[in-house]
Amino acid sequence: MNKRTKGILFLILSAFCFACMSLSVRLAGDLPALQKSFFRNFVAMMAALFVLIRNHDSFKPTRGCLPGLLARSTFGTLGLLANFYAVDRLVLADASILNKMSPFAAALFSVIILKERLSLKQFATILTAFIGALFVIRPTFGSMVSLPAFVGFAGGVCAGIAYTFVRYLTKKGENKPFIIFFFSTFSTLVIIPFMLMDLKPMTLRQLLILLLAGLFATGGQFSITAAYANAPAREISLFDYTQIIFSTSLGFIFLGQVPDVLSFVGYLIIIGAAIWSWFINNHSEPQGSSHTAR
């Protein structure tokens with residue numbers, strides 16, 4: 001099995017894990033998003049801690065990386081909370097596709113943060129993806145019905161900014177497991193005081209489901225890191241959109257959810273923009289690799 005094939009398989013595994021995480025968050029029931037986020041991050045923090053200890057890695061940030069780590073963690077936490085809010089209130093597939101705006105947001109903000117160049121074609125794919133998102137959001141500008149969709153969209157943008165800072169940090173030589181550990185620890189500590197203000201009692205079933213969500217999230221984080229360690233993002237990133245297939249299937253099987261026609265139109269536009277972006281990147285960019293972590 002060559003590295004590209006391994007990268008594709010790891011990315012599909014990551015997409016499946018994140019789809020299962022979203023389903024677990026929904027199945028956990030009527031609990032605050034902060035409470036759900038805490039367990040998701042706590043499990044990921046412990047897993048990353050184990051990897052750092054096993055590899056005898058340093059717990060100190062690489063010189064000059066602390067501001068980037070704080071920015072990655074801040075936007076990552078905001079993206080995570082927004083995504084959990086959307087997952088609880090939208091069709092699972094809708095929440096997933098809005099979160100998949102992150103690659104387009106990352107491309108846009110890489111111009112600002114990393115001073116990278118954005119071609120006219122690349123900008124066109126971002127604009128196309130935004131139009132696709134509008135089909136899912138269906139803004140009414142006078143109704144609260146679309147609020148969860150707007151929050152989900154904002155979460156995808158925040159996640160894209162966070163991924164841009166991950167790229168910034170890996171370029172500066174920061175250790176990827178440490179990036180995951182720093183983000184998970186930061187999120188856990190920030191969430192605790194707010195969670196305690198609105199803490200709701202949980203059943204044993206809810207606790208086990210949230211721990212399972214944390215395990216799926218951890219599997220997704222390390223799988224996506226392994227994927228981009230084996231192959232350049234521009235060669236395999238398209239397969240990350242298999243999460244939409246997994247989320248739609250899981251939502252139908254476990255929640256009886258069926259996205260409406262306009263949502264499917266939005267999915268097709270956004271995935272079409274992703275395919276277009278994939279072809280642009282594979283035919284116009286030099287060979288290289290990019291690493292990311294959620």
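Check the entry above for the structure.
Everything quoted here is computed from the prediction, not taken from an experiment.

How each quantity is defined
- Residues numbered from 1 in each chain as written.
- Predicted model: local features only at pLDDT ≥ 70, side-chain atom pairs only at ≥ 80, totals over all residues.
- Heavy atoms only, no water.
- Helix = DSSP H or I, 4+ residues; strand = E, 2+ residues; numbered from the N terminus.
- Buried < 20%, exposed > 50% of the residue type's maximum accessible area, 1.4 Å probe, protein only.
- Contact = heavy atoms within 4.5 Å.
- Expected span 1.5 Å × (residues − 1).
- Bend = angle between axes of the 7 residues up to and from the residue.
- Phe/Tyr/Trp six-rings, centres within 6.5 Å; stacked < 30°, edge-to-face > 60°.
- Patch = residues over 30% accessible without salt bridge, like charges linked within 9 Å, V, L, I, M, F, W, Y side chains within 5 Å.
- Areas by Shrake-Rupley, 256 points an atom, 1.4 Å probe, with all protein chains shown as cover.
- Salt bridge = Lys/Arg side-chain N within 4 Å of Asp/Glu carboxyl O.
- Core = buried A, V, L, I, M, F, W, Y, C linked by side-chain atoms within 4.5 Å.
- Axes fitted to C-alpha atoms, helices over the stretch in contact; angles between N-to-C directions.
- Parallel < 35°, antiparallel > 145°, perpendicular 65-115°, else oblique.
- Left-handed = near helix turned anticlockwise from the far one by under 90°.
- Nonpolar A, V, L, I, M, F, W, Y, C, P; charged D, E, K, R; others polar.

### Considerations on the overall build of the protein chain
When its secondary structure is counted, the protein chain shows twelve helices and zero strands. Taking the principal axes of the C-alpha coordinates as reference, the protein chain spans close to 50 × 50 × 40 Å. Residues classed as buried in the protein chain amount to 51% of the 294 residues present. Once local pairs closer than 6 in sequence are excluded, the contacts in the protein chain between residues at least 24 apart make up 89%.

### Re helix H8 (residues 176-197)
For H8, with 22 residues, the first-to-last C-alpha span of 33 Å sits near the 32 Å given by 1.5 Å per residue. At Ile191, H8 shows its maximal bend, which comes to roughly 35 degrees, and the proline Pro193 appears one to four places after that position.

### A look at unusual backbone geometry
Of note, the phi angle at His56 is positive, near 55 degrees, even though the residue is not glycine. Turning to its location among the elements, His56 is positioned in the loop between helix H2 (33-54) and helix H3 (66-89).

### Details of the packing of aromatic side chains
In the structure shown here, the tally under the stated rule is eleven aromatic pairs. Ring centres of Phe38 and Phe42 lie 5.8 Å apart, and the angle between their planes is 20 degrees; this geometry places the pair in the stacked category. On the criterion of helical spacing, the pair formed by Phe38 and Phe42 is a turn pair, its members being four residues apart in helix H2. Looking at Phe42, the relative accessible area reads 33%, which means it is partly exposed. Plain terms: the ring middles of Phe59 and Phe181 are 5.6 Å apart, the flat faces sit at 80 degrees to each other, and that makes the pair edge-to-face.

### So, a nonpolar patch on the surface
Nonpolar side chains collect at one region of the surface, where Leu108, Leu120, Phe123, Leu127, Phe130, Ile131 and Leu134 lie side by side and expose about 630 Å² of accessible area between them. Examining the composition of the nonpolar patch, we find that six residues originate from one element, helix H6 (residues 120-137), more than from any other. Among the secondary structure elements, Leu120 is positioned in helix H6. By relative accessible area, Leu120 is classed as exposed at 71%.

### Description of the pattern of salt bridges
Taken as a whole and judged by the stated rule, the model has three salt bridges. A salt bridge links Lys200 to Asp30; the shortest N-O distance between them is 4.0 Å. Residue Lys200 is found in the loop between H8 and helix H9 (204-230), and its partner Asp30 is found in the loop between helix H1 (3-27) and H2; the two are separated by 170 residues along the sequence. Overall, Lys200 belongs to the partly exposed group, its relative accessible area being 33%. Among the salt bridges present, the one from Lys100 reaches Asp240, with a minimum N-O distance of 2.9 Å. Placement of Lys100 in the loop between helix H4 (92-99) and helix H5 (102-113) and of Asp240 in the loop between helix H10 (233-236) and helix H11 (242-255) is noted, with a sequence separation of 140 residues between them. Here Lys100 and Asp240 have matching classes, each one buried.

### Considering the nonpolar core
In this structure, Ile97, Leu98, Phe104, Ala133 and Ile270 are the most contacted members of the largest nonpolar core, which totals 35 residues. Counting residues per element, the ones that place at least two in this core are H1, H3, H4, H6, helix H7 (147-171), H9, H11 and helix H12 (261-284). The element that contributes the greatest number of residues to this core is H1, accounting for six residues. Setting aside anything within four residues of it in sequence, one finds Phe104 in contact with Thr125, Ile126, Ala129, Tyr241, Ile270, Ala273 and Ala274. In terms of nonpolar packing, the next biggest core, distinct from the first, is built from twelve residues, Met45, Leu52, Ile180 and Phe181 among them.

### Some thoughts on the packing of H4 against H6
Contact pair H4 / H6: the axes reach a minimum separation of 10 Å and the direction vectors enclose 155 degrees. With respect to each other, H4 and H6 are oriented roughly antiparallel. Crossing angle aside, the handedness with which H4 passes H6 is left-handed. Facing H4, whose interface residues are Asp94, Ile97 and Leu98, H6 presents Ala133, Val136 and Ile137. Its residues assigned to classes, the contact of H4 with H6 comprises five nonpolar, no polar and one charged.

### What about the environment of Ala231?
Summarising the element assignment, Ala231 is placed in the loop between H9 and H10. Classification of Ala231 as buried rests on a relative accessible area of 3%. Between the C-alpha atoms of Ala231 and Lys6, which are 225 residues apart in sequence, the distance is 8.0 Å. Excluding anything up to four places from it in sequence, Ala231 contacts Lys3, Arg4 and Ile236.

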